[in-house]
Amino acid sequence: MKKYILKHINRVLFSDFLKTVSIFLIATLLALLLVNVSAIKDNVFSVYILAVALISVVTSGYIWGIFSSFLGIFSVNYFFTYPYYAFNFLLAGYPLAFLSMLVISSIISTLTVKIKKQVLISATREKQAESLHDITKRLLTATGMNNIRTLALDYFSNFYNCSVIIYFGNPLSDKNYGIKSLMSHHTALFEQQIEQNAAQYCYTSANSAGAGTLYQTDAKCTYLPICTEDTVFGVIGLLFENERFKQPEALNFLGIMTSQLILAIERQNLFEKQQKILVETEKEKMRSNLLRAVSHDLRTPLTCIVFSATTLLENNDTLSKQSSQKLLNDIIQDAQWLIRMVENLLAITRINNEHAVIKKQYEAIEEIVSATIVKIKKRFPNYQVKVTVPEEFILIPMDATLIMQVLINLLENAICHSHNTKPILLTVVYTENDVVFSIKDNGVGLNPYEIEHIFDGVSVEKTGDSTRGLGIGLSICKSIISAHNGTISAENNTEGGATFRFTLPKKGENIDGK
Amino acid sequence: MANKFKVLIVEDEISISNFIATTLKTNGYTTLLCSNGKEALSMIASHCPDVILLDLGLPDIDGLEILKQLRKWSSIPVIIVSARVNEEEKVEALDANADDYITKPFGTSELLARIRTAMRHASNSNIQNDKFSVKGLSIDFGKRLVIIDGKEVHLTQIEFKIVSLLAKSQGRVLTYDQIIAELWGPYAVKDNQILRVNMANIRRKIEKNPAEPQYIFTEVGVGYRMVDE
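Residues numbered from 1 in each chain as written. Chains lettered and ligands numbered in written order. Predicted model: local features only at pLDDT ≥ 70, side-chain atom pairs only at ≥ 80, totals over all residues.

**Student:** Would you mind showing me how to read the overall build of chain A here?
**Tutor:** Per the secondary structure count, chain A includes 15 helices and 12 strands. For chain A, with 514 residues in total, the buried portion stands at 30%. Taking the contacts inside chain A whose residues are at least 6 apart along the sequence as the reference set, 63% of them involve residues at least 24 apart. (Helix = DSSP H or I, 4+ residues; strand = E, 2+ residues; numbered from the N terminus. Buried ≥ 20, exposed ≤ 12 C-beta atoms within 10 Å, placed from the backbone. Contact = placed C-beta atoms within 7 Å.)

This is the structure we're talking about:
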């Protein structure tokens, strides 16, 4: 790096020298030409002053301007004053001309240098303003902490041309950081214990730490806290290859960029909090819906069981065999109904669990369907279900128990509410992104008024006992399918009966299995 | 009958064990009852039952622990009875060499069928003269032939191994890991994807409708089972 800088400086020096010499030569030739053509020597000085001005503009620093003004004086003396082509500094009035030319050229070069500096400063400012504007705009639209961090990493690294690490939260305990590294060995350097300690100090004390600061100076990077007056959000670490990080102005700008970053972080935090509240409310709503439905759905069969059993016990002698048989059958049916209810409730606890990411594994559609059919056949040996699944074998991410519960609920609905014994059609087809299950019966169909709210779990009270369970079962189906990012719908067939349809995405997130 | 089969019921809920005992007695079995793990272990040692019905949720020792201890010295058929529903536990119990698993609530006919299967499996009577047959499916292990409704079906080496493995444990659920270990050795990667693809191919060859199988059933999340009787 040092060698590189030296080389660079040499190259600049050399090119400035070339420029100076060539401009000076041109000016001398021009002056000689003028003198030869017009024989008037008054313009010679102006030509040289012009040359000095030009040289000051195109070269860097004062040296070349002053150097060229000396050169001008000498060449005027040599070429254009008597004796020609020889030096004579004892001419009358010459010191004055010499001095005036020196002063003029010095003033010109000073001015141009100043202007150049100004231009440079304003260019830097513009670059700062532009990147600030850019980062602000990009940060405003960024969602998710990781995106925000990646954006900030890119900007800081681009702007300062250095490697950057950004920690969100406590550097040592949270280990939640991102690195943008310009050199391959920088990543490992950032992860060294000494660097992490400096970052940790920066986080806990909210002071800058590391190289070039007052604290933890043995670290190679410079760490700055991302903080407001009362909260520290994280730490930015900058790693420079050479010792450039000393300009206070650069630090100022870092402060401005950091405050933009803080704004973005706070906005993201708020957003997440709001999202969480939303999910909580949704869950709360589902839970209360469920409780309402359950208290209704459990009470009825329990009442029947208690009533039938009491009747049997108390009137054992007087009941005819036929009627006691009927009561016993009722008990079995109601108990089975309760079993199914409990299974649904278990399904709900599976999704409603506090950390409610359902556990998906790759499952074969045909295996899920066939296992469901086995269960259904055990409960309803007299009903027929015609199953069609695609020939192609694919695995879909899902919680198998929950999807089976959905299929069971929908098939049971079809069996219990279609009021006939025609076979029910269970069909699975693949579309480009989804697997579509449809369950079609030939029953009485749905009340068109109900279709819209059929999955809301509220239709129970309106329709009363005759359709008990329809509400809760379907609302559970809806919850399960939503948790799988699928859709569920119901419609009446044109030829009679109803069709329930649900989809599951072929590709899902959060897959645990292989 | 002098040679009644002896069933040990390990269950801490009196109502359940009463109901099971009544059912079994009316179907010609002798029953032994006990309600905790320590008692169970000593009763198994002293009475040598033919079948054990084991509840996993016992007050003193976990049912799974009893199973593991028992398997160190005995291969008495054990049927796990449990109200817990997650598949992991089923798999764990089956991998610890339980013979079968039945989830509460269950019906009497189901219970009796499972007991029959477990006992038949213990006596290995489902395979005679190196041949196996159930419904329209018959397997000749010596000739490596699988015949469905009189027609020969061509299976690959692996497919035949899977089918015959399931047939030899007819009625029992074999977990994915058990099948993988049998087929590819105990150190094979426990990735059931390959097994499932093989299973899908087998279904397409031996079942009329792969979604309504007649011979090989899926226990979702657990494994596969060859149809009984």
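**Student:** Would you take a moment to explain the overall build of chain B for this structure?
**Tutor:** On a plain count of helices and strands, chain B comes out with 8 helices and 12 strands. The buried share of chain B, taken over its 229 residues, is 33%. Residue pairs in contact within chain B that sit at least 24 positions apart in sequence constitute 57% of those at least 6 positions apart.

**Student:** Teacher, can you tell me more about the sheet that holds strand 4 (residues 222-227) of chain A here?
**Tutor:** By way of backbone hydrogen bonds, the strands of a sheet pair with one another, either parallel or antiparallel. Residue and element names in this part refer to chain A. Spatially, 2-1-5-4-3 is the arrangement adopted by the 5 strands of the open sheet, whose pairing is antiparallel. The two strands at the open ends of the sheet, each matched to only one other strand, are strand 2 (177-180) and strand 3 (209-210). Most of the contacts of helix 5 (residues 145-160) go to strand 1 (residues 163-168), to which it runs at about 150°, and overall it touches strand 1, strand 2 and strand 5 (232-239). Strands in contact with helix 8 (residues 193-205) are strand 1, strand 3, strand 4 and strand 5; relative to strand 4, the strand with the most contacts, it is inclined by about 30°. (Pairing = 2+ DSSP bridges. Axes fitted to C-alpha atoms, helices over the stretch in contact; angles between N-to-C directions.)

**Student:** Could you clarify how one ought to interpret the interface of chain B and chain A in this entry?
**Tutor:** For interface size, the figure often reported is the accessible area lost on association. Each partner contributes residues to the interface: chain B has 17 residues there, and chain A has 19 residues. When residues of the side of chain B that touches chain A are traced back to their parent elements, those giving at least two are helix 8 (193-206) and strand 11 (216-219) of chain B. Of the residues forming the side of chain B that touches chain A, the biggest block, 5 residues, is contributed by helix 8 of chain B.

**Student:** Sorry, what's going on with the pairing of strand 7 (residues 137-140) of chain B here?
**Tutor:** Within a regular strand, the side chains alternate between the two sheet faces. All names here are of chain B. Alternating residues of strand 7 divide into Leu137 and Ile139, all buried, and Ser138 and Asp140, none buried. With 4 bridges joining them, strand 6 (residues 131-134) and strand 7 adopt antiparallel strand pairing. By the bridge assignment for strand 7, lysine 131 is matched with aspartate 140. Linking strand 6 back to strand 7 in an antiparallel pair, the connection comprises 2 residues, with lysine 135 at a positive phi of about 45°. By the bridge criterion, 4 bridges tie strand 7 to strand 8 (residues 145-148) in an arrangement that is antiparallel. From the neighbouring strand, leucine 137 faces strand 8, where its bridge partner is isoleucine 148.

**Student:** In this structure, what is going on with the pairing of strand 11 (residues 488-492) of chain A? I would like to understand it.
**Tutor:** Pairing analysis gives 5 bridges linking strand 11 of chain A to strand 12 (residues 498-505) of chain A, with the strands arranged antiparallel. Following the sheet pairing, Glu491(A) is matched in strand 12 of chain A by Thr499(A).

**Student:** Is there a simple way to explain the packing of helix 2 (residues 43-58) of chain A against helix 3 (residues 63-80) of chain A in this structure?
**Tutor:** Helix-helix packing is characterised by the crossing angle of the two axes and by the distance between the axes. Residues and elements named next belong to chain A. Following both chains from N to C, one finds helix 2 and helix 3 inclined at 160°, their axes separated by 9 Å at the closest point. The angle between helix 2 and helix 3 places the two elements in the roughly antiparallel class. Helix 3 is crossed by helix 2, and the crossing has right-handed handedness. Packed against helix 2, whose contacting residues are Val44, Phe45, Tyr48, Ala51, Val52, Ile55 and Ser56, the element helix 3 presents Trp64, Gly65, Ser68, Ser69, Gly72, Val76 and Phe80 at the interface. (Parallel < 35°, antiparallel > 145°, perpendicular 65-115°, else oblique. Left-handed = near helix turned anticlockwise from the far one by under 90°.)

**Student:** Before we go on, may I ask you to explain the sheet that holds strand 1 (residues 5-10) of chain B in this structure?
**Tutor:** Residue and element names in this part refer to chain B. The strand order across the open sheet formed by 5 strands is 2-1-3-4-5, and the pairing between neighbours is parallel. In this open sheet, the two edge strands, each paired with only one partner strand, are strand 2 (29-34) and strand 5 (100-103). For this sheet the average axis-to-axis angle between neighbouring strands, irrespective of direction, equals 20°. By the bridge criterion, 4 bridges tie strand 4 (residues 78-82) to strand 5 in an arrangement that is parallel. When the sheet's bridge partners are listed, isoleucine 80 is paired in strand 5 with tyrosine 101.

**Student:** What is the right way to look at unusual backbone geometry in this model?
**Tutor:** Residue and element names in this part refer to chain B. The phi dihedral of asparagine 97 falls on the positive side, at around 70°, and the residue is not glycine. Of note, asparagine 97 is situated in the loop between helix 4 (87-95) and strand 5. If you check the backbone angles, aspartate 149 has positive phi at about 45° while not being a glycine. You can see aspartate 149 is positioned in the loop between strand 8 and strand 9 (151-153). Given 10 C-beta atoms within 10 Å, aspartate 149 falls into the exposed group.

**Student:** Looking at this structure, how should I read the nonpolar core?
**Tutor:** Soluble globular proteins tend to pack their nonpolar side chains together in the buried interior. Formed by 50 residues in total, the largest nonpolar core has its most connected members in Val10(B), Leu53(B), Leu54(B), Ile79(B) and Ile80(B). In terms of domain composition, this core takes at least three residues from each of domain 1 (5-123) and domain 2 (131-226) of chain B. Among residues more than four places away in sequence, those in contact with Val10(B) are Cys34(B), Ala40(B), Ile52(B), Leu53(B), Leu54(B), Asp55(B) and Leu58(B). Membership of the second largest hydrophobic core comes to 45 residues, among which are Leu290(A), Leu426(A), Ala490(A) and Phe502(A). (Core = buried A, V, L, I, M, F, W, Y, C linked by C-beta atoms within 7 Å. Domains from an automatic or database assignment.)

**Student:** Looking at this model, I keep getting lost on the packing of helix 6 (residues 157-168) of chain B against helix 8 of chain B. Mind explaining?
**Tutor:** Residue and element names in this part refer to chain B. Two elements in contact, helix 6 and helix 8, have axes whose closest approach is 10 Å; the angle formed by their N-to-C orientations is 85°. When the interaxial angle is binned, helix 6 and helix 8 end up roughly perpendicular. For the pair helix 6 and helix 8, the contacting residues are Ile158, Glu159, Ile162 and Val163 in the first and Asn198, Asn201 and Ile202 in the second. For the contact of helix 6 with helix 8, the per-class residue count stands at 4 nonpolar, 2 polar and 1 charged. (Nonpolar A, V, L, I, M, F, W, Y, C, P; charged D, E, K, R; others polar.)

**Student:** So what exactly am I meant to see when it comes to helix 3 (residues 63-71) of chain B here?
**Tutor:** One full turn of an α-helix is made of 3.6 residues, so residues set three or four places apart face in the same direction. Residues and elements named next belong to chain B. Buried within helix 3 are the following residues: Gly63, Ile66 and Leu70. Looking down the long axis of helix 3, one finds its buried residues gathered within 55° of arc, a one-sided arrangement. Where helix 3 is buried, its residues contact helix 2 (37-47), strand 3 (51-55) and strand 4. (Arc of directions from axis to C-beta.)

**Student:** Hey, could you run me through the confidence of the model for chain A in this one?
**Tutor:** Detailed reading of the predicted coordinates is not advisable wherever pLDDT falls low. Residues and elements named next belong to chain A. Residues at a pLDDT of 70 or more form 90% of chain A, whose mean pLDDT is 80. Put simply, helix 14 (residues 459-463) is where chain A has its lowest mean pLDDT, 44, and strand 10 (residues 434-440) is where it has its highest, 93. Ignoring residues within four places in sequence, the model shows residues 459-467, a span with pLDDT below 50, making 12 contacts including any to other chains. Of the regions scoring below 50 in pLDDT, residues 510-514 engages in 12 contacts with residues more than four places distant in sequence or in other chains. (pLDDT = per-residue confidence, 0-100.)

**Student:** Honestly, the environment of Met286(A) in this entry has me stumped. Any pointers?
**Tutor:** All names here are of chain A. Within the secondary structure, methionine 286 is located in helix 9 (residues 248-314). A residue is classified by how many C-beta atoms lie within 10 Å of it, and methionine 286, with 19 of them, is partly exposed. For the pair formed by methionine 286 and serine 479, sequence separation is 193 residues and the distance between their alpha carbons is 8.6 Å.

**Student:** I keep staring at the environment of Val163(B) and nothing clicks. Help me out?
**Tutor:** Residue and element names in this part refer to chain B. Tracing the backbone through its elements, the reader meets valine 163 in helix 6. Residues valine 163 and isoleucine 139 lie 24 residues apart in sequence; the distance between their C-alpha atoms is 8.8 Å. In this structure valine 163 touches Ile139, Val146, Leu155 and Ile202, once residues within four positions along its chain are discounted.

**Student:** What exactly am I supposed to notice about helix 4 of chain B here?
**Tutor:** Residue and element names in this part refer to chain B. When we look at burial in helix 4, the residues that qualify are Lys90, Val91, Ala93 and Leu94. Down the axis of helix 4, the smallest arc covering the buried residues is 165°, so these residues share one side. Along its buried surface, helix 4 packs onto helix 3, strand 4, strand 5 and strand 10 (173-175). One or two steps after helix 4, the chain reaches asparagine 97, where phi turns positive at roughly 70°.

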